[in-house]
Amino acid sequence: MNDRGLMRKAIELSIENIKNGGGPFGAVIAKDGEIIATGTNRVTADNDPTAHAEVNAIRKACQTLKTFDLSGCTIYTSCEPCPMCLAAIYWAHIDKIYYGNNKKDAADMGFDDSYIYDELNLPVEKRTKLMNELLPEEAIKAFQLWDNTEDKTEY
């Protein structure tokens, strides 16, 4: 399937998902033009704020391919990814992103992520969510153990 067909599938999923009690978002992950996984937004249906279409598709693609590294894959999403989804796409090493609606379109519908982008640009001490380092001298032990583990799977 070509890029346009894969994007149309993501858009179709976003429309169907509204009828199934979810948000207006759909995503498709493909490799070599073949669909590996799809996802829809199930935030309100599943009471899970991380259940965005892209994250759900990434989870399914990783299970299907039995890997956490989706290099060589492309994601087609009905809307420009939010900061969480964009970070997940980067962590998954997905090569390309195609999106339909942009973040302004999403904001116009009440899905405004700009406050998150704004927060990320602030120094930690100026963010609206309190963030304080606590027990770093204890927490570092896990990193030291990781660093000294020879048979670890790096990611």
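Scroll up a little and you will see the structure.
Here the structure is a predicted model, which means the values were calculated and not measured.

## Topic: the environment of Glu 12
So, step 1. In this fold, Glu 12 is placed in helix 1 (residues 3-19).
So, step 2. The exposure class assigned to Glu 12 is partly exposed, which follows from its relative accessible area of 37%.
So, step 3. Here the alpha-carbon distance between Glu 12 and Thr 40, two residues 28 residues apart in the chain, equals 10 Å.

## Description of the nonpolar core
So, step 1. Formed by 22 residues in total, the largest nonpolar core has its most connected members in Ile 29, Ile 58, Ala 61, Leu 70, Ile 75 and Ile 94.
So, step 2. Going through the elements one at a time, strand 1 (26-31), strand 2 (34-40), helix 3 (53-65), strand 3 (73-79) and helix 4 (83-91) are the ones with two or more residues in this core.
So, step 3. In terms of residue count, helix 3 provides more of this core than any other element does, six residues in total.
So, step 4. Once you skip the residues sitting within four places of it in the chain, Ile 29 turns out to touch Glu 34, Ile 35, Ile 36, Ala 37, Ala 57, Ile 58, Ala 61, Leu 70, Cys 73, Thr 74, Ile 75 and Ile 94.
So, step 5. Core analysis: the second largest hydrophobic core is formed by seven residues, Leu 6, Met 7, Ala 10 and Leu 13 among them.

## A word on the side chain of Asn 17
So, step 1. Relative to the helices and strands, Asn 17 is located in helix 1.
So, step 2. Overall, the relative accessible area of 3% leaves Asn 17 in the buried class.
So, step 3. Within the local environment of Asn 17, its side chain forms a polar contact with the side chain of Arg 42, the two groups lying 2.9 Å apart.
So, step 4. Sequence-distant contacts of Asn 17, defined by excluding residues within four places in its chain, comprise Gly 22, Gly 23, Phe 25, Thr 40, Asn 41 and Arg 42.

## Some remarks on a nonpolar patch on the surface
So, step 1. Where nonpolar side chains cluster on the molecular surface, the patch consists of Phe 68, Trp 91, Trp 146 and Tyr 155 and spans about 560 Å² of accessible area.
So, step 2. One can find Trp 91 in helix 4.

Rules used in this analysis
Residues numbered from 1 in each chain as written. Predicted model: local features only at pLDDT ≥ 70, side-chain atom pairs only at ≥ 80, totals over all residues. Heavy atoms only, no water. Helix = DSSP H or I, 4+ residues; strand = E, 2+ residues; numbered from the N terminus. Buried < 20%, exposed > 50% of the residue type's maximum accessible area, 1.4 Å probe, protein only. Core = buried A, V, L, I, M, F, W, Y, C linked by side-chain atoms within 4.5 Å. Contact = heavy atoms within 4.5 Å. Polar contact = N/O pair within 3.5 Å; in protein donor to acceptor, adjacent residues only side chain to side chain. Patch = residues over 30% accessible without salt bridge, like charges linked within 9 Å, V, L, I, M, F, W, Y side chains within 5 Å. Areas by Shrake-Rupley, 256 points an atom, 1.4 Å probe, with all protein chains shown as cover. Salt bridge = Lys/Arg side-chain N within 4 Å of Asp/Glu carboxyl O.

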